[in-house]
Amino acid sequence: MSNYSQHQQTASAGLSEAATQPLRKVSLDQPVRSKPDLVCFSHLRWDWVYQRPQHLLKRAAADRRVFFIEEPIFDNGSMRLDARESDTGVHVVTPNLPGGLNSHVAATAVLSEMLQRFFRDNNLDEYVLWYYTPMALEFTRHLKPVAVIYDCMDELSAFKGAPEALRFHERELMKMADVVFTGGHSLFEAKRDKHPFVHAMPSSIDRQHFMQARARMEDPEDQKRIAHPRLGFFGVIDERFDTALIDAVAAARPQWQFVMLGPVTKIDPALLPQRLNIHYLGSKKYEELPRYIAGWDVALLPFAINEATRYISPTKTPEYLAAGKPVVSTPITDVVRPYGQLDLVRIAGTPDEFIAAIEDSLKPDATNKEWLERVDQFLAQTSWDQTWATMCELIERATEKKRKPNVVAGPRATAADSVAATNAA
């Protein structure tokens, strides 16, 4: 997910030179609003991988203006803010800074000034700040929101390339935030004592979208010539991906075909296992995923067990299950609890165990009626709509508390409380 060096480039000029560049005024339509605008700061690009931010902010945009502020791009163009409205109604804003701006202090000052003008030009006077990256505090401290939300979807400080200052800024953000959400239960357990209002809000499921894969669907062109059995994965391929595991299993079972979908980042693609039965098909659009999954025999969660995966809660777990596919996963805590414990997902820690689990999953009765009924019963307890409705209510309580200090923001959530509204994903 997070790659803090992904979008940065070396620069060589100072603030005085860059600050003389003209700022293009961005004008967006001003709808009638009954709720404060929501301004999100993210380390992820909006068009990179469709995941938690897109699901939540798309729903937020149904009744308010939503601005998704990306990390800056450093190039040879002029200093400007590029703004566009996505097909979800979210306004995506990308700062562009001159490639010669190499001073971190200068870049931070320029970003701060750009945002101040952007807020003024677009009548952003009552707004909630929503942070995915604590690093954005460096250029947003001057803003005056009606509430501050920290949606902690990952333990970013454990990821490859994370800035040294990230832990410091997260502590600062925890002090500023009115509400903190976590993307999984293990992450909730790690953060619950760091803020009075931490709520476990595991990523959820768009059931109808992935249930399309249960029907017969035409194979995508780049998958149709791949033989069966097919073992599939979609997601970001980075330091969390267990390349050694996939290599060992693919070598031991050359008749099995491994279909890998998603961008490769933070690791050298040349270091990925290269075998005739491993197929890297690249990134796919969210809308395309059911067609690919429909042609798989088993879905995989081949995550390495390391610091970067200690608190992850893969959104693809319920998505695979909604597609009706048997799932084999390494022992990731938020997959073991509850999916492994409920016998919905097979858990395997070694190559031999992974092979045995896949062999069990390939048996004709692996996705029998009883198993599928238990899957559907489990998935019926949650949806992105339910997750957003719960989060929205907590945000509104926090906003009211800021306006009227005697309003109770709500009790600290527990992991058990959160299961009732949304299950670990």
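Residues numbered from 1 in each chain as written. Predicted model: local features only at pLDDT ≥ 70, side-chain atom pairs only at ≥ 80, totals over all residues. Heavy atoms only, no water.

(A) Structural detail: the nonpolar core. Counting residues in each nonpolar core, the largest one holds 53 residues, and the members touching the most others are Phe258, Trp296, Leu300 and Leu321. Once residues lying within four places of it in the same chain are set aside, the contact partners of Phe258 are Leu231, Ile246, Val249, Ala250, Asn277, Ile278, His279 and Leu300. In terms of nonpolar packing, the next biggest core, distinct from the first, is built from 38 residues, Phe74, Leu101, Ala106 and Leu173 among them. (Core = buried A, V, L, I, M, F, W, Y, C linked by side-chain atoms within 4.5 Å. Buried < 20%, exposed > 50% of the residue type's maximum accessible area, 1.4 Å probe, protein only. Contact = heavy atoms within 4.5 Å.)

(B) Fine view of the sheet that holds strand β13 (residues 298-301). In spatial order, the strands read β12-β11-β10-β13-β14-β15; together these six strands make up an open sheet with parallel pairing. Two strands lie at the open edges of the sheet, namely β12 (278-282) and β15 (346-347), each paired on one side alone. Here strand β10 (residues 230-234) runs beside strand β11 (residues 257-261); their pairing, made up of five bridges, is parallel. Note on β11: the bridge partner recorded for Leu231 is Phe258. Where helix α11 (residues 351-361) meets the sheet, it contacts β10, β13, β14 (327-329) and β15, and its direction lies at approximately 170 degrees from that of β14. (Pairing = 2+ DSSP bridges. Helix = DSSP H or I, 4+ residues; strand = E, 2+ residues; numbered from the N terminus. Axes fitted to C-alpha atoms, helices over the stretch in contact; angles between N-to-C directions.)

(C) How the structure looks around unusual backbone geometry. Omega for the peptide link from His228 to Pro229 comes to 0 degrees, which places this bond in the cis form. Following the sequence through the fold, Pro229 ends up in the loop between α6 (207-211) and β10. Cis geometry is adopted by the peptide bond preceding Pro338, which originates at Arg337 and carries an omega value of 10 degrees. One non-glycine residue, Asn123, adopts positive backbone phi at about 55 degrees. Summarising the element assignment, Asn123 is placed in the loop between α3 (104-121) and β6 (127-131). Even without glycine at this site, Lys266 takes up a positive phi of about 70 degrees. When you line up the elements, Lys266 lands in the loop between β11 and β12. Here Lys266 falls in the buried class, since its relative accessible area comes to 13%.

(D) Broad picture of the side chain of Ser186. Relative to the helices and strands, Ser186 is located in helix α5 (residues 185-191). What makes Ser186 buried here is its relative accessible area of 6%. When sequence neighbours within four positions are dropped, the list of residues in contact with Ser186 reads Arg310, Tyr311, Thr333, Asp334 and Arg337.

(E) Inspection of the side chain of Gln223 at higher detail. As for its position among the elements, Gln223 is in the loop between α6 and β10. Among the polar contacts made by the side chain of Gln223, one reaches the main-chain carbonyl oxygen of Tyr292 at a distance of 3.1 Å. Ignoring anything within four residues of it in the chain, the contact list for Gln223 reads Arg230, Val259, Leu281, Arg291, Tyr292, Gly295 and Trp296. (Polar contact = N/O pair within 3.5 Å; in protein donor to acceptor, adjacent residues only side chain to side chain.)

(F) Looking closely at α3. The terminal C-alpha atoms of α3, which comprises 18 residues, lie 26 Å apart, in line with the 26 Å expected from a rise of 1.5 Å per residue. Within α3, burial applies to Ala106, Ala107, Thr108, Val110, Leu111, Ser112, Met114, Leu115, Phe118 and Phe119. In the segment just after α3, Asn123 is the residue with positive phi, at about 55 degrees. (Expected span 1.5 Å × (residues − 1).)

(G) Representation of helix α12 (residues 369-379) in the model. Within the span of α12, buried status applies to Trp371, Val375, Phe378 and Leu379. Buried residues along α12 cover an arc of 95 degrees about the axis, so they all sit on one side. In α12, the exposed positions that point more than 90 degrees away from the buried face belong to Lys369 and Gln377. Packed against the buried residues of α12 are α6, α9 (316-322) and α10 (333-340). Its side-chain oxygen placed 3.2 Å from the backbone nitrogen of Glu370, Asn368 serves as the N-cap of α12. (Arc of directions from axis to C-beta.)

(H) The arrangement of the pattern of salt bridges in detail. Inspection of every chain in the model, using the stated rule, returns 28 salt bridges. Across the pair Arg84 and Asp47 runs a salt bridge whose closest N-O atoms are separated by 2.4 Å. Of this pair, Arg84 sits in strand β4 (residues 80-85) while Asp47 sits in the loop between β1 (37-41) and α2 (52-60), and the two are 37 residues apart along the sequence. For Arg84, a relative accessible area of 35% puts it in the partly exposed group. (Salt bridge = Lys/Arg side-chain N within 4 Å of Asp/Glu carboxyl O.)

(I) Summary view of the environment of Phe139. Along the chain, Phe139 turns up in the loop between β6 and β7 (147-152). Through-space distance from the C-alpha of Phe139 to that of Leu111 is 6.1 Å; in sequence the pair is 28 residues apart.

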